Amino acid sequence: MIRTVESPPHVSAPVLAAYSYCETVTGQQARNFAYGIRLLPTSKRRAMSALYAFSRRVDDIGDGALADDVKAARLEDTRAMLTRVREGSVDEDDTDPVAVALAHAAKTFPIPLGGLDELIDGVLMDVRGETYETWDDLKVYCRCVAGAIGRLSLGVFGTEPGGRAAERAPEYADTLGLALQLTNILRDVREDAEGGRIYLPADDLAKFGCSAGFKGPKPPEGADFAGLVHFEVRRARTLFAEGYRLLPMLDRRSGACVAAMAGIYRRLLDRIERDPEAVLRGRVSLPGREKAYVAVRGLSGLDARHVTRQSVRRRA
């Protein structure tokens, strides 16, 4: 669980209540995310919870049982709320706690709110039932629903003053988001298929004999499902390696947050690689004790130091 929201005197009671609501949503709905942001100082943790609560609302609309035209209308209503946040027209006593918290977070940190528009665009792609022929096509979707979240988070984290190549931080944050999303796609391949969604590129599916899809605990007859999974795992690992170059650019606690969240997903990727068909039998996850270990490792700075050493070796 996330720690309780503290009450600094300069934050009004309505705003604190709005943040508390967002932290509750985050703690209940995003266990992996919650393990990461609990490492942040209060103001950053609250801002990240506001971003998550908004994102959760958008995702819930896309994943819900409403008709597609109703979903599209609800998403545009959410975009209108985002416009009010952007224009500074959300009052502290507004009845929508997510709007209140997000508005305060956007005043506190240089959050690029356009990333939330990208998220809405990505979920609209889901509503339209779009499929992806190539990895380049899928990257467009992943950048909307996950790369944008990386860039939004960077607005909260900031970079260390005078950091080397800090101008590339948004690029690395975006790439790390792609790595997380591709891991999600692999983990949820059967669940998505049962919901009528296929995210893996059609040319990859064809290459490994998996074009028939995944609607049961076994791969399609004659398919090289393990080959497909290992191919996508290698792609995700390449993205992680590039995205992890963000870590040395962040302060200790922000770096620990990112390392914890990314570390959990990298361990999920390890499990999927060891037993590819596990994703067809059920959801692959990590036990709480392993997540806690990853969080401690992130807070210790081990991952950031490892990435720094690798970068030095590459430059040598």
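Predicted model, so just to flag it, every value in this text is computed and none were measured.

Conventions and cut-offs
- Residue numbering note: each chain is counted from 1, following its sequence as written.
- Per-residue local features of the predicted model are confined to residues with pLDDT of at least 70, and side-chain atom pairs are confined, for both listing and counting, to 80 or more; whole-chain, interface and lining totals are unaffected and use all residues.
- Computation of side-chain values covers all heavy atoms of the structure but excludes hydrogens and water.
- The rule for a salt bridge is simple: a side-chain nitrogen of Lys or Arg has to be within 4 Å of a carboxyl oxygen of Asp or Glu.
- Under the DSSP-based scheme used, a helix requires at least four consecutive residues in state H or I and a strand at least two consecutive residues in state E, with every element numbered from the N terminus.
- Any residue under 20% of the maximum accessible area for its type is buried, any over 50% is exposed, and the rest in between are partly exposed; the area is computed with a 1.4 Å probe on protein chains only.
- All axes here are fitted lines through C-alpha atoms, helices being fitted over the stretch that makes contact, and every angle between N-to-C directions spans 0 to 180 degrees.
- An angle below 35 degrees is treated as roughly parallel, one above 145 as roughly antiparallel, one from 65 to 115 as roughly perpendicular, and anything else as oblique.
- Crossings are classed by handedness, with left-handed meaning an anticlockwise turn of the near helix from the far one by less than a right angle and right-handed meaning a clockwise turn.
- Any pair of residues with heavy atoms lying within 4.5 Å of one another is described as a contacting pair.
- For our purposes a nonpolar core is just a set of buried Ala, Val, Leu, Ile, Met, Phe, Trp, Tyr and Cys residues, chained together by side-chain atoms within 4.5 Å.
- Pairs were defined over the aromatic rings of Phe, Tyr and Trp, the Trp ring being its six-membered one, requiring ring centres within 6.5 Å. Orientation was assigned from the angle between planes: stacked under 30 degrees, edge-to-face over 60, tilted for the rest.
- All residues other than Ala, Val, Leu, Ile, Met, Phe, Trp, Tyr, Cys, Pro, Asp, Glu, Lys and Arg, Gly among them, are scored as polar; the first ten of these are nonpolar and the last four charged.
- Multiply 1.5 Å by the residue count of a helix minus one, and that product is the helix's expected span.
- Residue-level confidence of the predictor, termed pLDDT, takes values from 0 up to 100.

1. Focus: the pattern of salt bridges
Here is step 1: Following the criterion strictly, the structure yields 27 salt bridges and no others.
Here is step 2: Of the charged contacts in the structure, one is a salt bridge between Asp117 and Arg86, with a shortest N-O distance of 2.5 Å. Of this pair, Asp117 sits in helix α6 (residues 114-127) while Arg86 is found in helix α4 (residues 68-87), placing the two residues 31 residues apart along the sequence.
Here is step 3: Note on Asp117: relative accessible area 15%, which makes it buried.
Here is step 4: A salt bridge links Arg281 to Asp275; the nearest nitrogen and oxygen atoms lie 2.4 Å apart.
Here is step 5: Looking at Arg281, the relative accessible area reads 49%, which means it is partly exposed.
Here is step 6: When salt bridges that share partners are traced, they join Glu76, Arg79, Arg86, Asp117 and Asp121 into one network.

2. Focus on the packing of helix α8 (residues 169-187) against helix α11 (residues 225-243)
Here is step 1: Closest axis-to-axis distance for the α8/α11 pair is 8 Å, and the angle between their directions is 155°. Taken as axis vectors, α8 and α11 run roughly antiparallel relative to one another. You can see that α8 and α11 cross each other, and the crossing is left-handed. Contact residues: Glu171, Tyr172, Thr175, Leu176, Leu178, Ala179, Leu180, Leu182, Thr183 and Leu186 in α8; Glu232, Val233, Arg235, Ala236, Leu239, Phe240, Glu242 and Gly243 in α11.

3. Focus: the nonpolar core
Here is step 1: Phe54, Leu116, Phe214 and Phe225 are the most contacted members of the largest nonpolar core, which has 99 residues in total.
Here is step 2: No other element matches the eleven residues that helix α7 (residues 135-157) contributes to this core.
Here is step 3: Not counting chain neighbours up to four residues away, the residues in contact with Phe54 comprise Thr78, Met81, Leu82, Val98, Leu102, Leu116 and Ile120.

4. Side note on the packing of aromatic side chains
Here is step 1: In the structure shown here, the tally under the stated rule is five aromatic pairs.
Here is step 2: The interplanar angle of 25° and the centroid separation of 5.2 Å between the aromatic rings of Tyr141 and Tyr199 together place this pair among those described as stacked. Pair noted here: Tyr141 is in helix α7 and Tyr199 is in the loop between α9 (189-194) and α10 (202-207), with a separation of 58 residues, a long-range link. There is no split in this pair, since Tyr141 and Tyr199 are both buried.
Here is step 3: Centroid distance Phe208 to Phe231: 5.7 Å. Interplanar angle 45°. Geometry classified as tilted. Here Phe208, found in the loop between α10 and α11, pairs with Phe231, found in helix α11; they are 23 residues apart in sequence, far enough to count as distant.

5. A few points about the packing of helix α1 (residues 13-29) against helix α5 (residues 97-108)
Here is step 1: Two elements in contact, α1 and α5, have axes whose closest approach is 8 Å; the angle formed by their N-to-C orientations is 110°. On the basis of the axis angle, α1 is roughly perpendicular to α5. Between α1 and α5, the contacting residues are Pro14, Val15, Ala18, Tyr19, Tyr21 and Cys22 on the first element and Pro97, Val98, Val100, Ala101, His104 and Ala105 on the second.
Here is step 2: Broken down by class, the residue content of the contact of α1 with α5 amounts to eleven nonpolar, one polar and no charged.

6. Description of α6
Three- or four-residue spacings in an α-helix give side chains the same orientation, since the helix completes a turn every 3.6 residues.
Here is step 1: With 14 residues, α6 should reach 20 Å at 1.5 Å per residue; the first-to-last C-alpha distance of 20 Å fits that figure.
Here is step 2: The element α6 is largely enclosed, with a buried count of eleven among its 14 residues.
Here is step 3: Taken as a whole, α6 has its buried residues at Gly115, Leu116, Asp117, Leu119, Ile120, Gly122, Val123, Leu124, Met125, Asp126 and Val127.
Here is step 4: Residues of α6 that are buried make contact with α3 (42-63), α4, α5 and α7.

7. Quick look at α3
Here is step 1: Helix length check: α3, at 22 residues, gives a terminal C-alpha distance of 31 Å against a target of 32 Å (1.5 Å per residue), a fit within 8%.
Here is step 2: Taken across its 22 residues, α3 has 17 buried, putting it largely inside the fold.

8. Focus on the confidence of the model for the protein chain
Fine structural detail should not be taken from predicted coordinates in areas where pLDDT scores are low.
Here is step 1: Looking at the protein chain as a whole, its pLDDT mean stands at 88, while 89% of the residues score no less than 70.
Here is step 2: Low pLDDT (under 50) marks residues 1-9, which in the prediction has 28 contacts with non-local residues, meaning those over four places away or in another chain.
Here is step 3: Confidence drops under a pLDDT of 50 for residues 310-316, and excluding neighbours within four residues, the segment shows two contacts in the predicted structure.

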